Amino acid sequence: MSDEGVKESTDLRAAGWKAMRSALPGVFPDGDLDLRDGRLGEDLVDIGLTSVWGALWGREGLAPRDRSLVTLGILIALGAETELKTHVRIALTNGLTQDEIAEVIYHSSGYTGFPRAVAARTAAREALEG
């Protein structure tokens, strides 16, 4: 990897940690952590850290609150309830209210279908109660 590629990777990793710590305050200690666990697919966390948190959440152009609205809608459409639980908590950190999260779920029912909206409601309830 070139020096520039290493710098870009390091920059995205740092931006990823900054964005993730901002979205999930108190969850990760300071510093650059190694989240690999020696099990199958261990690099997926690093891929998400740099490509999702660093390259996307770390961008300017949308406020974190707006990114949360978009992300909730996408996760509902995908039926990704496990990720949705985390992003419900992130949405609260980013300034959405429980009523606004409910409205996202209601609105999604018209576009993703009622079963997806019910599954999203269940995931959101679990996230809010846990």
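Residues numbered from 1 in each chain as written. Predicted model: local features only at pLDDT ≥ 70, side-chain atom pairs only at ≥ 80, totals over all residues. Heavy atoms only, no water.

(A) Just the nonpolar core, in detail. Grouped together as the largest cluster of nonpolar side chains are 15 residues, with contacts concentrated most on Leu 72, Ile 76, Leu 84, Val 88, Ile 101 and Ile 105. Tallying contributions element by element places helix 6 (residues 114-129) first for this core, with 5 residues. Counting 9 residues, the second largest nonpolar core, distinct from the first, contains Trp 17, Ala 19, Met 20 and Ile 90. (Core = buried A, V, L, I, M, F, W, Y, C linked by side-chain atoms within 4.5 Å. Buried < 20%, exposed > 50% of the residue type's maximum accessible area, 1.4 Å probe, protein only. Helix = DSSP H or I, 4+ residues; strand = E, 2+ residues; numbered from the N terminus.)

(B) Representation of the layout of surface pockets within the structure. Here the largest pocket is characterised by a volume of approximately 600 Å³. Forming the boundary of the largest pocket are 23 residues, of which Val 52, Trp 53, Trp 57, Glu 83 and His 87 lie nearest the centre. Of all elements in the fold, only helix 2 (44-57), helix 3 (64-78) and helix 4 (81-93) reach the threshold of two or more residues within the lining of the largest pocket. At 8 residues, the largest contribution of residues to the lining of the largest pocket is made by helix 2. Its residues assigned to classes, the lining of the largest pocket comprises 16 nonpolar, 5 polar and 2 charged. (1 Å grid on protein atoms, 1.4 Å probe; cavity = no way out; pocket = protein on both sides within 12 Å on 5 of 7 lines; lining within 4 Å. Points joined across faces, edges and corners; volume = space filled by probe spheres on them. Nonpolar A, V, L, I, M, F, W, Y, C, P; charged D, E, K, R; others polar.)

(C) Summary view of a nonpolar patch on the surface. Side chains of Leu 62, Val 70, Ile 74 and Leu 78 sit close together on the surface and give an oily, nonpolar patch of about 370 Å² of accessible area. Tracing the backbone through its elements, the reader meets Leu 78 in helix 3. (Patch = residues over 30% accessible without salt bridge, like charges linked within 9 Å, V, L, I, M, F, W, Y side chains within 5 Å. Areas by Shrake-Rupley, 256 points an atom, 1.4 Å probe, with all protein chains shown as cover. Salt bridge = Lys/Arg side-chain N within 4 Å of Asp/Glu carboxyl O.)

(D) Highlighting the pattern of salt bridges. Taken as a whole and assessed by the stated rule, the structure comprises 6 salt bridges. Between Asp 46 and Arg 36 there is a salt bridge, with its nearest N and O atoms 3.9 Å apart. Of this pair, Asp 46 sits in helix 2 while Arg 36 sits in the loop between helix 1 (3-23) and helix 2, and the two are 10 residues apart along the sequence. Residue class for Asp 46 comes out buried when judged on its relative accessible area of 16%.

(E) Spotlight on the side chain of His 87. In this structure, His 87 sits in helix 4. Residue contacts for His 87: discarding those within four places in its chain leaves Trp 53, Trp 57, Thr 71, Leu 72 and Leu 75. (Contact = heavy atoms within 4.5 Å.)

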